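Observations on the model geometry
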Amino acid sequence: MIKSSTLIVILRTCICCGICLILLGIYLHNFNHTVEVMGVKGIILSAMCVAFGMVLSLPTKMYLTLVLVNHENHQRELEQQQSASRKSHTKAQPNDP
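Description of the structure in this document. Keep in mind it's a predicted model, so treat the numbers as computed, not measured. Residue positions within a chain follow its written sequence, with the count starting from 1. Given that this is a predicted model, residues contribute local features only at a pLDDT of at least 70 and side-chain atom pairs are listed and counted only at 80 or more, while totals for whole chains, interfaces and linings are drawn from all residues. The side-chain figures draw on all heavy atoms in the structure; neither hydrogens nor water molecules are used.

1. Brief notes about the overall build of the protein chain
Rule in force here: Only DSSP runs of H or I covering at least 4 residues are called helices, and only runs of E covering at least 2 are called strands; the numbering of each starts at the N terminus. A radius of gyration in this sense is built from C-alpha atoms; the matching globule rule multiplies 2.2 Å by the number of residues raised to 0.38. Type-normalised accessible area, obtained with a 1.4 Å probe on protein chains alone, sets the label of each residue: buried when under 20%, exposed when over 50%, and partly exposed for intermediate values.
When helices and strands are tallied, the protein chain shows three helices and zero strands. If you list the helices and strands of the protein chain from N to C, you get α-α-α. Taking 2.2 N^0.38 as the reference for a compact globule, 97 residues should give roughly 13 Å; the C-alpha atoms of the protein chain span a radius of gyration of 25 Å, well beyond that estimate. Along the longest, intermediate and shortest principal axes, the C-alpha atoms of the protein chain span 90 × 30 × 15 Å. Across the 97 residues in the protein chain, those meeting the buried criterion constitute 15%.

2. Considerations on helix H1 (residues 4-30)
Let me state the cut-off plainly: Here a helix's expected span is defined as the number of its residues, less one, multiplied by 1.5 Å.
Its 27 residues give H1 an end-to-end C-alpha distance of 39 Å, which sits within 8% of 39 Å, the value for a rise of 1.5 Å per residue. All of the buried residues in H1 are Leu 11, Ile 15, Gly 18, Ile 22, Gly 25 and Leu 28.

3. Some thoughts on the packing of aromatic side chains
Within a pair of aromatic rings, the relevant descriptors are the distance that separates the centres and the angle that separates the planes. Threshold: Planes of paired rings set the category: under 30 degrees apart is stacked, over 60 is edge-to-face and the rest tilted, where pairs are Phe, Tyr or Trp rings (Trp by its six-membered ring) whose centres lie within 6.5 Å.
Summed over the entire model, instances satisfying the criterion amount to one aromatic pair. Between Tyr 27 and Phe 31 the ring centres are 6.3 Å apart and the planes differ by 35°, which places this aromatic pair in the tilted class.

4. A short note on the environment of Ile 8
What counts is decided by this rule: What makes two residues a contact is simply this: any of their non-hydrogen atoms within 4.5 Å.
Within the fold, Ile 8 resides in helix H1. Among the residues examined, Ile 8 registers a relative accessible area of 22% and is labelled partly exposed. Along the primary structure Ile 8 and Tyr 63 are separated by 55 residues, whereas in three dimensions their C-alpha atoms are 9.3 Å apart. Sequence-distant contacts of Ile 8, defined by excluding residues within four places in its chain, comprise Leu 64 and Val 67.

5. Examining the state of the cysteines
A disulfide bridge is the covalent bond that connects two cysteines by way of their sulfur atoms. The condition that has to hold: Only a pair of cysteine sulfur atoms within 2.5 Å counts as a disulfide in this structure description.
Overall, the coordinates contain zero disulfides when judged by the stated rule. Sulfur of Cys 17: no disulfide; nearest cysteine sulfur belongs to Cys 14 and is 6.5 Å away.

6. A few points about the side chain of Ser 46
Here is the rule we go by: Counted as a polar contact is a pair of N or O atoms within 3.5 Å, where, for protein atoms, one must be capable of donating a hydrogen and the other of accepting one, and residues adjacent in sequence contribute only when both atoms are in side chains.
Position of Ser 46 among the secondary structure elements: in helix H3 (residues 40-92). What makes Ser 46 buried here is its relative accessible area of 3%. Of note is the side chain of Ser 46, whose polar atom sits 3.0 Å from the backbone oxygen of Ile 43. Setting aside its immediate chain neighbours within four residues, Ser 46 contacts Gly 25, Leu 28 and His 29.

This is the structure in structure tokens:
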């Protein structure tokens, strides 16, 4: 089984590769004259770069967001348990004037 820290590094790498492919597709479509000379095949090439970039980046962002939400919920539960244990500990001690 892959550790969660290793998985997060892999997913962040996928996001970076996806964003780079999206930027490459935009560059090819807007600024590269070779793609313009290629005609329809050039447009398909730049569109495929953008499409694969989105395939790489979007699902991994959703998964990382899910991991972050689960981590925050876990932290909130721990804080609630700690505050509840502090309250029960202070109630158990009598107040001596």
